[in-house]
Amino acid sequence: IFYKMKKIMLIILASFMFVACEQPTADNAGVLKRTDELSTKVKQMAEDYVSKNFEIANETYSDTVQARFNSTEVQGKENLIAGWHVEHKVFSDISIDDQYAHTNYFSGGNIWTNHWFTWSATANETGEKLQIRAHFDYKWEDGKIVIAQAFFSDRDYSRIMEAAAPVE
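Quick caveat: nothing in here was measured; it's all calculated off a predicted structure. Residue indices follow the written sequence of each chain, beginning from 1 at its first position. Confidence filtering applies because this is a predicted model: local features only for residues at pLDDT of at least 70, side-chain atom pairs given and counted only at 80 or more, and all residues used for totals across whole chains, interfaces and linings. With hydrogens and water set aside, each side-chain value is computed from the structure's full complement of heavy atoms.

Caption draft 1: Structural context of unusual backbone geometry. Even without being glycine, Asn70 reaches a positive phi, approximately 55°. Any residue under 20% of the maximum accessible area for its type is buried, any over 50% is exposed, and the rest in between are partly exposed; the area is computed with a 1.4 Å probe on protein chains only. Note on Asn70: relative accessible area 27%, which makes it partly exposed. Not every positive phi belongs to a glycine, and Asp98 is a case in point at roughly 55°. Only runs of H or I of at least four residues qualify as helices and only runs of E of at least two qualify as strands under DSSP, and these elements are numbered from the N terminus. Counting through the fold element by element, Asp98 comes out in strand β4 (residues 91-106). Since its relative accessible area comes to 58%, Asp98 is described here as exposed.

Below is the structure:
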């Protein structure tokens, strides 16, 4: 009897979860686009980053962008781009592959682009090759990125960056 009751409770709980997940609200309903201007711009910024060209990023990020890379925060576009310059001194053969991006246009007016890719590079000091799968989220306001959030395994990346400091 206990087994049957447990099974029934699980079925009921699963039903409620399914119904709850299916109900969009006015706060989160929206449109997802893969081929819009913002998704394309994010992929172009990645390609420019690889070639050490930060022109599109300079035009696209707000001056006061809040960038979060896992638990590390970088304040402002100037500091963000300066960090990329350092990355290009510490690593060579940087590439971004397997890109996918889409932009979410939420009914409340928020716009976020989600970007997945694989970042690869070779550490100049050790010759160690890194390959890191990453997910970035970009919040847009008035055509500018105001928040950038990144999620990736940064253990090896951080170890190499710390060992290379200070690189000027």
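Caption draft 2: Up close: the nonpolar core. Note on terminology: a nonpolar core comprises buried Ala, Val, Leu, Ile, Met, Phe, Trp, Tyr and Cys residues joined through side-chain atoms within 4.5 Å. With 37 residues, the main nonpolar core has Tyr61, Phe91 and Trp119 as its most contacted residues. If you list the elements that add at least two residues to this core, you get α2 (37-50), β2 (61-69), α4 (77-90), β4, β5 (111-123), β6 (129-141), β7 (144-152) and α5 (155-164). For this core, the element with the most residues is β6, which contributes 6 residues. In what follows, a contact means two residues having at least one pair of non-hydrogen atoms within 4.5 Å. If sequence neighbours within four positions are ignored, Phe91 has contacts with Trp119, Ala121, Thr122, Ala123, Asn124, Leu130, Tyr157, Ile160 and Met161.

Caption draft 3: Just α2, in detail. The length a helix should cover is 1.5 Å for every residue beyond the first. The terminal C-alpha atoms of α2, which comprises 14 residues, lie 20 Å apart, in line with the 20 Å expected from a rise of 1.5 Å per residue. Every buried residue belonging to α2 is among Leu38, Ser39, Val42, Met45, Ala46, Asp48 and Tyr49, and all of these are buried. Sitting at the head of α2, Asp36 places a side-chain oxygen 3.3 Å from the backbone nitrogen of Leu38. Where α2 ends, the next residue or the one after it, Lys52, has phi of about 60°, a positive value. Here a polar contact is taken to be a pair of N or O atoms separated by no more than 3.5 Å, where protein atoms must pair a possible hydrogen donor with a possible acceptor and residues adjacent in sequence count only if both atoms sit in side chains.

Caption draft 4: Seen up close, α5. Every buried residue belonging to α5 is among Tyr157, Ile160, Met161 and Ala164, and all of these are buried. Projected onto a plane normal to the axis of α5, the buried residues spread over an arc of 100° and lie on a single side. In α5, the exposed positions angled more than 90 degrees off the buried face are occupied by Arg155, Glu162 and Ala163. Each element contacted by the buried residues of α5 is listed here: α4, β4, β5 and β6. When we speak of the arc, we mean the arc of directions from the helix axis to the C-beta atoms.

Caption draft 5: Spatial organisation of the sheet that holds β5. Sheet architecture is open: 7 strands sit in the order β1-β4-β5-β6-β7-β2-β3, paired in mixed fashion. Of all strands in the sheet, those with a lone pairing partner are β1 (30-33) and β3 (72-75), marking the two edges. Going across the sheet, the axis of each strand differs from the next one's by a mean of 20°, ignoring polarity. Only strands joined by at least two bridges in the DSSP assignment are considered to pair. In this structure, β6 lies alongside β7, joined through 8 bridges in antiparallel fashion. Residue Ala134 lies in a different strand from β7, and its bridge partner there is Phe152. Its contacts with the sheet put α2 on β1, β2, β4, β5, β6 and β7, and the angle it makes with β4 is roughly 170°. Running at roughly 100° to β6, α5 makes contact with β4, β5 and β6 of the sheet. Fitting a line to C-alpha atoms yields each axis, with helices limited to the stretch in contact; the angle taken between N-to-C directions then spans 0 to 180 degrees.

Purely spatial values, then, with no claim about function.
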